[in-house]
Amino acid sequence: MQNTAQPLNDMLVSKSLSAADYVPTLDAMLSRTLARIALKKEQGLRTPDELWIVDHNDVYTLGQAGKEEHILQRTNTPIIKTDRGGQVTWHGHGQLVIYWLFDLDSLGWSVRNMVSHAEQAIEDVVNDCLKSHASNSSLISAHARRDAPGVYLYSHLNTASNDKAQPVTELPIDDAIMLGKIASLGFKIKHGFSYHGVAINLDCDLSAFNAINPCGYAGMQMLRLADFAAMDKQAQDKQLAAQAAEQSMPAMTNCLSYEQVTQKLISNIAKRHAGHIQLRALAPK
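Residues numbered from 1 in each chain as written. Predicted model: local features only at pLDDT ≥ 70, side-chain atom pairs only at ≥ 80, totals over all residues. Heavy atoms only, no water.

### Focus on the overall build of the chain
Stage number 1. Regarding its fold elements, the chain presents 5 helices and 11 strands.
Stage number 2. Looking at the chain as a whole, 49% of its 285 residues are labelled buried.
Stage number 3. When the accessible area of the chain is evaluated, it comes to approximately 13800 Å², of which 50% is carbon and sulfur surface. (Helix = DSSP H or I, 4+ residues; strand = E, 2+ residues; numbered from the N terminus. Buried < 20%, exposed > 50% of the residue type's maximum accessible area, 1.4 Å probe, protein only. Areas by Shrake-Rupley, 256 points an atom, 1.4 Å probe, with all protein chains shown as cover.)

### As for the pairing of strand β4 (residues 59-62)
Stage number 1. Neither face of β4 is open: one carries Val-59 and Thr-61, the other Tyr-60 and Leu-62, and all of them are buried.
Stage number 2. Both β4 and strand β6 (residues 88-91) contribute to a ladder of 4 bridges, which runs antiparallel. The residue bridging Val-59 from the neighbouring strand is His-91, located in β6.
Stage number 3. Pairing geometry for β4 and strand β5 (residues 79-81), over 3 bridges, is parallel. (Pairing = 2+ DSSP bridges.)

### Concerning the sheet that holds β6
Stage number 1. An order of β5-β4-β6 is seen for the 3 strands of this open sheet, with the pairing classed as mixed. Only two strands of the sheet have a single partner each, and these edge strands are β5 and β6. In this sheet, adjacent strand axes meet at a mean angle of 30 degrees when their direction is disregarded. (Axes fitted to C-alpha atoms, helices over the stretch in contact; angles between N-to-C directions.)

### Quick word on the packing of aromatic side chains
Stage number 1. Summed over all chains, the structure comprises 4 aromatic pairs.
Stage number 2. Judged by centre distance (5.5 Å) and plane angle (75 degrees), the rings of Trp-90 and Phe-209 are edge-to-face. Taken together, the residues Trp-90 in strand β6 and Phe-209 in the loop between β11 (193-201) and α4 (235-246) connect sequence positions 119 residues apart. Accessibility classification places Trp-90 together with Phe-209 in one group, the buried group.
Stage number 3. Judged by centre distance (6.0 Å) and plane angle (90 degrees), the rings of Trp-100 and Phe-187 are edge-to-face. (Phe/Tyr/Trp six-rings, centres within 6.5 Å; stacked < 30°, edge-to-face > 60°.)

### Comments concerning the sheet that holds strand β7 (residues 95-101)
Stage number 1. Read across the sheet, 8 strands follow the order β1-β2-β3-β7-β11-β10-β9-β8 without closing on themselves; strand pairing throughout is mixed. Of all strands in the sheet, those with a lone pairing partner are β1 (6-9) and β8 (140-144), marking the two edges. Ignoring which end each strand starts from, the neighbouring axes of this sheet average 25 degrees apart.
Stage number 2. In this sheet, strand β9 (residues 151-155) lies alongside β8 in antiparallel orientation, the contact comprising 5 bridges.

### Observations regarding the nonpolar core
Stage number 1. Formed by 44 residues in total, the largest nonpolar core has its most connected members in Ile-98, Trp-100 and Leu-225.
Stage number 2. For this core, the element with the highest residue contribution is helix α3 (residues 111-133), accounting for 9 residues.
Stage number 3. Formed by 18 residues, the second largest nonpolar core is a distinct cluster that contains Tyr-60, Val-88, Ala-211 and Met-222. (Core = buried A, V, L, I, M, F, W, Y, C linked by side-chain atoms within 4.5 Å.)

### Observations concerning the confidence of the model for the chain
Stage number 1. Chain-level statistics for the chain give a pLDDT mean of 89 and a share of 86% at 70 or above.
Stage number 2. Counting interchain partners and residues more than four positions distant, the pLDDT-below-50 stretch residues 235-252 has 8 contacts. (pLDDT = per-residue confidence, 0-100. Contact = heavy atoms within 4.5 Å.)

Structure follows, in structure tokens:
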């Protein structure tokens, strides 16, 4: 189901799709991109860029140059070949997918700029969530890597220079332990317009990744935010709250919701799109 477009700034709108099948979503995204390209070429019109916030039904997608050898086990979940970059990944409920339908030329962004903005927006939001909603926030941080697109979580537990007075996001990751990957990226560029985008694991069932080499990396550990920050599990949390009330126990109320994380990320991306957040130096190789 698609909601009415919501304006984020003068040249950016958001749209939401819930319980979305992959192929119709891809077809609609490509159709919209081609229409925008035509309007710009034929009439010189710059149309508003779009963020599509998507809750996908379970699916494995294989990138344009994807190798089927990275599919380790066939399940009942459909496998769809698509035109984005990257290898095989999974999308499904509990994972936040945001497609970036951007006119890069009008923004003055290179493809590298867009990828860096995407990674840094995810870093900002995940680190903010860890800082405000995780008991071990002083030990875990999110960072991008130059050698492997995406965002990864690192533990600073054994970092000798760990200083409580220094923000964890500023600690060097050279000696930190990489725990795994929390977010994946895959874009397609056509005539200077981008589509496809990013996927962040919030409270999804990670077992779906066991059937593949995620993004083509054998043994890559996939992570989700719910295992590091307190997230609202809706019905489960309501039941626990009721039990706590019966036993006169304090209930956890300081929990992140899926919607809160989504809004944090949309807000960060919108500020970057408007030029209010500048790129930081790229991650070390």
